[in-house]
There are 2 protein chains.
Amino acid sequence: MRRMTARPANAHQAKLLRLLRDGGPNSRAQLGDQIDLSRSKLAVEVDRLLETGLVVADGLAASRGGRRSHNIRLNPGLRFLGVDIGATSVDVAVTNAELEILGHLNQPLDVREGPVAVFEQVLSMAAKLRASGLAEGYDGAGIGVPGPVRFPEGVPVAPPIMPGWDGFPVREALSQELGCPVMVDNDVNLMAMGEQHAGVARSVGDFLCVKIGTGIGCGIVAGGDVHRGVTGSAGDIGHIQAVPDGRPCACGNRGCLEAHFSGAALARDAVEAAQQGLSDELASRLAANGTLTAVDVAAAAAAGDATALDLIREGGNRVGQVIAGLVSFFNPGLVVIGGGVTGLGHNLLAAIRTQVYRQSLPLATGNLPIVLGELGPTAGVIGAARLISDHLFSPA
Amino acid sequence: MRRMTARPANAHQAKLLRLLRDGGPNSRAQLGDQIDLSRSKLAVEVDRLLETGLVVADGLAASRGGRRSHNIRLNPGLRFLGVDIGATSVDVAVTNAELEILGHLNQPLDVREGPVAVFEQVLSMAAKLRASGLAEGYDGAGIGVPGPVRFPEGVPVAPPIMPGWDGFPVREALSQELGCPVMVDNDVNLMAMGEQHAGVARSVGDFLCVKIGTGIGCGIVAGGDVHRGVTGSAGDIGHIQAVPDGRPCACGNRGCLEAHFSGAALARDAVEAAQQGLSDELASRLAANGTLTAVDVAAAAAAGDATALDLIREGGNRVGQVIAGLVSFFNPGLVVIGGGVTGLGHNLLAAIRTQVYRQSLPLATGNLPIVLGELGPTAGVIGAARLISDHLFSPA
DNA sequence: GGGCTTTGTCCTGTGAGTGGAGAAAGTTGA
DNA sequence: TCAACTTTCTCCACTCACAGGACAAAGCCC
C-alpha cells in the first residue's frame, strides 16, 4: 500500500481531520456543527479531503428522523507507530488514524546501549507488528525518549541517563529507516499528551503530569499545549532539592528528589531495609529474587508490611512536597501521577495529596484533583501517536 | 475631547495598531514590510483606521531616495492610565498610545483600607494628572493589584494581604468611574509585561519575573503570553516551603519563602540583629528612625556592614534555592529580579545566581541570564498600560 | 400518500485579497 | 536643467473564499 503523502491544504481541512480523529466517524452535518463554516464551504473541503484519500465515505448512517447521512471517516488504512523508549524497557504500538491501539509490544531494553542498538530493536518490533498483519506500512511515527529533546530538530540534548544519545539525529535517522515522517519528544511530555488525548486529562487545558519511574519528570501543559522550555528540559524536576544536605545524587548535588524517591531509589531503600532486618516480607523477597523493585515494595505494602508502607509514605511525602511548590507556582487544574510506581497506588497518592493540600495555597488547591493516570503503560505510545498526528494533521 | 470608541475591525487592523505601538510612526511601505499583506490591501486597512481616528497621518518623512512617505502614527491624543497598587504604595501614570510615560505619581497607601478608600485615592491621582494638562480623558486603564485575580472578570479572589477586596468588582467599578475600558491583573504579571514590553525581557518568549517587595511573587511568561493559572494564582511562590520546619508564616505553615525573605522579613531580621547588638550600623539607623526597611539594610551593606551583608546573602540564598527549582521545572530563557528590594542590588543577585547555577541542571542554566529589572518602579504601570492596549488593540 | 425532518448539493452575490500598471514625488549625475 | 532612476502610493481588474438561500433527495410518522 502506498503510504499517506497528502497533507491538509488549509486550516479548515486540518481542523476537520482532528475532529474526525478525536470524534470518530461523523456526517457532514455533524461536522458542520463543530466547525465555524457554512454547509456549502464545508462540503467543498470534505470533497477535497476525499480526493486526497485522507478521509473516506463508507456507507450510510442510520436515519435520525430524516435523510440518512453519509459516514465520513479517516482512511481506515492509515497507521501510526508510537514508540516509548524508557530507561529499561521500550513500548511500541500501532494505531489507526483515530489513535486506537491495534497492537502493542513491550520489551526489556538498556537505553545506555546507545541509539544504534536501540533502534535496531525498535525497528524489528515495528516489523513484527507489520508482519502480524496490523499494518502494511506506517504513515508517521512518534518517538519518546527519556531525556531532553531539541524539539524542532528531534535531537536529544545532554540526556543524563543516556549520554551516548547526545546529538544523535533521531528524527532524521528514523524517518529514513521507516520511510515516513517522524516526531521526537521527551517521554514525559508524551505521557502528558496521552492522558490529555484519551485519559484523565481530557478537556483540561492546564495540568501537570508527574511520571515516577526509574527517574522523575513532569509534563507541563499550559493553555492546551505542552511547554517544553527554551532548551527542551522543562519538567526536569528530578533534581530539585527535596532534602537540604540529603542523600548524594548522581548529578553531583545532594538531596535531589530523585535521590530520595524514584523507582531506583525505592528499590535501593527496600534492599537496605531488608538487609537491616527491618522487614521479613522484603527480606524473603530479596532472598527469592536476589533483588527488589517497586513491584516488590507494592506487594509487601499490600500484604500489610509496615516498613514497605513507611517507604512509600515517606517517598510520597518527598514528591508531594515538591509538587506542592509546583502547584503554587503553576496553579494547574489537575495533577496526574503516572509511571512505573503507580503500582504503589493509593498509599502513594494519599501521601502526595496530604502534602499538597497542606502546603499549597487554598486558592490553588481548592478544586484541584490529584489522580493516578488512566492509561498506564499505553499513555506514552498514545501520546507518541498523537504527537505525529498533530504534526501531520496541520497545514503543510 | 471625545474618547476613543473605535476598535480594530479585524486582525489586520489589530496587528497594524500593535506595530505602530511598538515601533512608533511608520510609513505605509514600512508597515508593509512587517505584515503579510499586499500593498493594496494594506492601504485599504490603513485608510479605514484613519477614518476611525485611531491613527493619523501627520506630515511627510524625509526621503530615502525617492518619493517621501506619509508618517502614519497612533492618534497622539490617546491616553492610557496605568495603575499599580502595592501593599504600601500606589503608582499611577499616564501614557500615550505608544506606552510612553507622560506623567507619573507615587503615593503611600495602605491596601488594607479596602477598595473604596483606595480607589478614591487612585481616582484623585488620575484627576490630578488630567488637571496638569497631560490628558483630557482616558481611553483605557490597566490596574494591578497585589493578589490573585479572576482575570476575565477583573475581580480579586481570596487575596491574602487584602482580604477586604475579595470579590470586589474592580473592573466594573473603575470602568464606570473612569468612563473607559478597564483590565485588571496581578501586579507581578504586570511587572513581567512591562519588562517584556520595554525592559530586559524584550524579545524573550519564555521567562520568569520574580518580584520581591513586601511579599514575593513571580510572573510567568510562556510562549510570549502571561500564564495565570486556572484560578489566577499562578506565580504565588511566597508560600513555597524554603526551610523545613522554619519560621512560622502568616499563612499557617512554617518555613515559607516569604517568612524567611521578603521586604517585610528583611526589615524584621534587621531590627532583631540591631537589638541583639550584632550591628552598630543597623542599631544607629534603628535609633534614628525608630524602624528599619530594606533601604536601611542596603545602605548598611554598602557601608560595609557585615551583618547587613549576611542578611542579604542569606536571603538571596533562600530565594535562589526556590528559583533554582523553578528554573529546573520551567526552563526559562531569562530570569528577571525586580521589586522593592532591587536596591539590594548585586549582593542579592550574586547570591541568587550562585544558588541557581549550582543547583539547576547545566542544560537549563547553560545560557540563562539572571538580571535585575530595567524599569524599576515604572515596570508595573507600563505593564498596566500594555495590558489595556493589548485588549483595545484586538478585534472587537 | 401527505406533511414533516434531516441531509446534501447547487447557485449566486459579496467581500477579501493579489498583483500589475502607472501616477506622484523625490534623488542623482551628466 | 534635464534625463534616468528610486521609492511611495493609488487604482483597477481578476481570483478565490465564503455565506446563505433555494431546492432536491431521502428518510420518518401518521
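For the structure itself, consult the block above.
The shown structure was predicted, so the numbers you read here are calculated from the model rather than taken from an experiment. Throughout this document, residue positions are counted from 1 along each chain, in the order its sequence is written. As they are written, the chains are lettered A onward and the ligands numbered 1 onward, keeping that order. With pLDDT at 70 or above as the cut-off, local features in this predicted model cover only qualifying residues; side-chain atom pairs require 80 or more to be listed or tallied, and sums for whole chains, interfaces and linings still use all residues. Side-chain measures were taken over the full set of non-hydrogen atoms in the model, leaving aside hydrogen atoms and water.

For the rest of this paragraph, the subject is the overall build of chain A. Secondary structure summary: chain A contains 14 helices and 14 strands in total. Radius of gyration: over C-alpha atoms. The globule rule applied is 2.2 Å multiplied by the number of residues raised to the 0.38 power. Its C-alpha atoms give chain A a radius of gyration of 23 Å, near enough to 21 Å, the size a compact globule of 396 residues would have. Along the three orthogonal principal directions, the C-alpha set of chain A runs to about 75 × 50 × 40 Å. Exposure categories follow from relative accessible area, calculated using a 1.4 Å probe and restricted to protein chains: below 20% of the type maximum is buried, above 50% is exposed, and the middle band is partly exposed. Looking at chain A residue by residue over its 396 residues, the buried ones come to 55%. In chain A, 59% of the contacts between residues at least 6 apart in sequence involve partners at least 24 apart. Counting only carbon and sulfur atoms, one obtains 50% of the accessible surface of chain A, whose full area is about 15,800 Å². When charges are counted, Lys and Arg are positive and Asp and Glu negative, with His and the chain ends excluded. Each charge is placed at NZ for Lys, CZ for Arg, CG for Asp and CD for Glu. Treating the 32 positive side-chain charges of chain A as one cloud and the 38 negative ones as another, the clouds have centres 8 Å apart. Each helix corresponds to a stretch of at least 4 residues labelled H or I by DSSP, and each strand to a stretch of at least 2 residues labelled E; elements are numbered beginning at the N terminus. For this analysis, residues touch if any pair of their heavy atoms sits within 4.5 Å. Using a 1.4 Å probe, the Shrake-Rupley method yields the accessible areas, and only the shown protein chains count as cover for residues.

Before going further, it helps to examine the sheet that holds strand S4 (residues 89-95) of chain B. All names here are of chain B. Pairing between two strands requires that DSSP report at least two bridges joining them. Pairing in this open sheet of 5 strands is mixed, and the strands run S5-S4-S3-S6-S9 from one edge to the other. Edge positions in the sheet fall to strand S5 (101-108) and strand S9 (182-186), since each has one partner strand and no second. Taken over all neighbouring pairs, the strand axes of this sheet differ in orientation by 15° on average, direction set aside. Both strand S6 (residues 140-145) and S9 contribute to a ladder of 5 bridges, which runs parallel. Looking at S9, one finds that glycine 144 is bridged to aspartate 185. To obtain each axis, a line is fitted to C-alpha atoms, and for helices this fit is confined to the stretch in contact; angles are then taken between N-to-C directions over 0 to 180 degrees. Strands in contact with helix H4 (residues 115-134) are strand S3 (80-85), S4 and S5; relative to S5, the strand with the most contacts, it is inclined by about 145°.

A single heavy atom is enough: if one lies within 4 Å of a molecule or strand, its residue is considered near that molecule or strand. Near DNA strand D, the surroundings consist of 23 residues, among which Ser38(A), Ser40(A), Lys41(A), Arg64(B) and His70(B) are the closest. Protein-adjacent atoms of DNA strand D, using a 4 Å cutoff, are sugar or phosphate at a proportion of 65%. At a separation of 2.7 Å, a phosphate oxygen of DNA strand D approaches a polar backbone atom of Ser38(A). The side chain of Lys41(A) places a nitrogen or oxygen atom 3.1 Å from a phosphate oxygen of DNA strand D. Elements supplying a minimum of two residues to the surface near DNA strand D: helix H3 (39-52) of chain A together with helix H2 (28-34) and helix H3 (39-52) of chain B. Here the nonpolar group is Ala, Val, Leu, Ile, Met, Phe, Trp, Tyr, Cys and Pro; Asp, Glu, Lys and Arg are the charged ones; every other residue, Gly included, is treated as polar. For the surface near DNA strand D, the class distribution of residues is 3 nonpolar, 11 polar and 9 charged. Polar contact is defined as a pair of N or O atoms within 3.5 Å, subject to the rule that within protein one atom must be able to donate a hydrogen and the other to accept it, and that residues adjacent in sequence are counted only when both atoms are side-chain atoms.

With 97 residues, the main nonpolar core has Phe329(A), Phe329(B) and Ile337(B) as its most contacted residues. If we ignore the near neighbours within four places in the chain, the residues touching Phe329(B) are Leu208(A), Cys218(A), Ile220(A), Ala234(A), Gly235(A), Ile237(A), Leu326(A), Phe329(A) and Phe330(A). By nonpolar core is meant a set of buried Ala, Val, Leu, Ile, Met, Phe, Trp, Tyr and Cys residues that side-chain atoms within 4.5 Å join together. With 40 residues, the next largest nonpolar core counts Ala6(A), Ile35(A), Met191(A) and Phe393(A) among its residues.

What follows concerns the pattern of salt bridges. Residue and element names in this part refer to chain A. Whenever a carboxyl oxygen of Asp or Glu lies within 4 Å of a side-chain nitrogen of Lys or Arg, that contact is scored as a salt bridge. Tallied over the full model, the rule gives 40 salt bridges over all chains. With its nearest N and O atoms 3.5 Å apart, the salt bridge here joins glutamate 272 to arginine 247. Within this pair, whereas glutamate 272 is found in helix H8 (residues 263-275), its partner arginine 247 is found in the loop between strand S12 (225-226) and helix H7 (257-260), the two being separated by 25 residues in sequence. For aspartate 296, the salt bridge goes to arginine 285, with nearest N and O atoms at 3.4 Å. Within this pair, whereas aspartate 296 is found in helix H10 (residues 294-302), its partner arginine 285 is found in helix H9 (residues 280-289), the two being separated by 11 residues in sequence. In this structure, a network of salt bridges that share partners links the residues Arg18, Arg21, Asp22, Arg386 and Asp390.

Let's shift gears to the interface of chain B and chain A. When the parts of a complex come together, some accessible area is lost, and that lost area is often used as the size of the interface. Tallying the contact residues gives 37 residues for chain B and 37 residues for chain A. Between chain B and chain A, roughly 3,000 Å² of surface is buried when both sides are summed, and carbon and sulfur atoms account for 63% of that area. Buried area: the accessible surface (1.4 Å probe) lost by two parts on joining, summed over both. For the chain B face of the interface with chain A, the top three residues by lost area are Phe329(B), Asn331(B) and Leu363(B), together amounting to 25%. On the surface where chain B and chain A come into contact, there are 0 salt bridges.

In this section: the sheet that holds strand S5 (residues 101-108) of chain A. Residue and element names in this part refer to chain A. The 5 strands are arranged S5-S4-S3-S6-S9 in an open sheet whose pairing can be described as mixed. With partners counted over all chains shown, the strands left at the sheet margins are S5 and strand S9 (182-186), one partner each. In this sheet, adjacent strand axes meet at a mean angle of 15° when their direction is disregarded. Bridge count for strand S4 (residues 89-95) against S5 is 7 bridges, and the pairing is antiparallel. Residue pairing for S5: serine 89 is matched across the bridge by proline 108. Contacts from helix H4 (residues 115-134) reach strand S3 (80-85), S4 and S5 within the one sheet, and its direction differs from that of S5 by about 145°. Contacts from helix H14 (residues 378-392) reach S3, S4, S5, strand S6 (140-145) and S9, with the element oriented near 130° to S3.

Here a cavity denotes a set of grid points, spaced 1 Å apart and computed over the protein atoms alone, in which a 1.4 Å probe fits but from which it cannot get out, and a pocket denotes an open set meeting protein on both sides within 12 Å along at least five of seven lines; residues with an atom within 4 Å of a point are reported as lining. Grid points are joined across faces, edges and corners, and a volume is the space filled by probe spheres set on the points. In this structure the tally under the stated criterion is 2 cavities of 30 Å³ or more. The computed volume of the largest cavity comes to approximately 390 Å³. Of all the secondary structure elements, the ones that give two or more residues to the lining of the largest cavity are helix H11 (306-330) of chain A together with helix H11 (306-330) of chain B. Here the element with the most residues in the lining of the largest cavity is H11(A); it accounts for 6 residues. Each pocket or cavity is described by its volume, and for the second largest cavity that value is around 60 Å³. Forming the boundary of the second largest cavity are His239(A), Ile240(A), Gln241(A), Asn253(A), Arg254(A), Cys256(A), Ala324(B), Gly325(B), Ser328(B), Gln359(B) and Ser360(B). The dominant element in the lining of the second largest cavity, judged by the number of residues it contributes, is H11(B), at 3 residues. Taken together, the residues of the lining of the second largest cavity sort by class into 3 nonpolar, 7 polar and 1 charged.

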